[in-house]
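# Structural characterization, general
One-letter residues, chain by chain:
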Amino acid sequence: SFLTIKSNFTGLTNIFMANNKSGKKRILINERNRVENRYYKSSVRTLTKMFLKDLEVYQTSQDPNDKTTAQNRLSSVYSLIDKGTKRNVFPKNTAARKKSKLAAQLKIA
């Protein structure tokens, strides 16, 4: 049978077919997890871009305050990557690689 559900996360109406209660539950859980994973991935991308902009500003100005701003942004990116890794959004090695690349960019700035 068809079941229509109003999703709290996306505001869209999803139509899906599930034959039993556990199937309907799995669909709901998968949607919840998809939205949570999407939040972490998009937030990491956004903060990374902000960090790179901060680095660009620091490279042009060479002002210590701009470097501090970039370092603070880097720590917030690290925090979000670590939280995503803890929740199995990112594999451990992927998180390490992302953090390493960001640290290297700060070092050469």
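Use the structure listed above.
The structure presented is a predicted model; accordingly, all values stated were derived computationally and were not measured.

## Description of the pattern of salt bridges
Close approach of charged atoms lets side chains of opposite charge pair. Per the counting criterion, the structure on display carries four salt bridges. When the shortest N-O distance is used, the salt bridge between Glu-31 and Arg-34 registers 3.0 Å. Here Glu-31 and its partner Arg-34 are both found in helix α1 (residues 21-61), three residues apart, which amounts to about one turn of the helix. The shortest N-O distance in the salt bridge between Arg-73 and Asp-54 comes to 3.0 Å. Separated by 19 residues along the polypeptide, Arg-73 in helix α2 (residues 64-86) and Asp-54 in helix α1 bring together distant segments of the chain.

## Description of the side chain of Thr-48
With respect to the helices, strands and loops of the structure, Thr-48 is situated in helix α1. Each residue touching Thr-48, except ones within four places of it in the same chain, is listed here: Val-77 and Leu-102.

## Focus on the packing of α1 against α2
Contact geometry of α1 with α2 gives a least axis separation of 9 Å together with a crossing angle of 165 degrees. Judged by the inter-axis angle, α1 sits roughly antiparallel to α2. Crossing handedness for the pair α1 and α2: left-handed. Contacts from Tyr-40, Ser-43, Val-44, Leu-47, Thr-48, Met-50, Phe-51, Asp-54, Leu-55, Val-57, Tyr-58 and Ser-61 in α1 reach Asp-66, Lys-67, Thr-69, Ala-70, Arg-73, Leu-74, Ser-76, Val-77, Leu-80, Ile-81, Lys-83 and Gly-84 in α2. Tallied by class, the residues present in the contact of α1 with α2 amount to 13 nonpolar, six polar and five charged.

About the criteria used
- Residues numbered from 1 in each chain as written.
- Predicted model: local features only at pLDDT ≥ 70, side-chain atom pairs only at ≥ 80, totals over all residues.
- Heavy atoms only, no water.
- Salt bridge = Lys/Arg side-chain N within 4 Å of Asp/Glu carboxyl O.
- Helix = DSSP H or I, 4+ residues; strand = E, 2+ residues; numbered from the N terminus.
- Contact = heavy atoms within 4.5 Å.
- Axes fitted to C-alpha atoms, helices over the stretch in contact; angles between N-to-C directions.
- Parallel < 35°, antiparallel > 145°, perpendicular 65-115°, else oblique.
- Left-handed = near helix turned anticlockwise from the far one by under 90°.
- Nonpolar A, V, L, I, M, F, W, Y, C, P; charged D, E, K, R; others polar.

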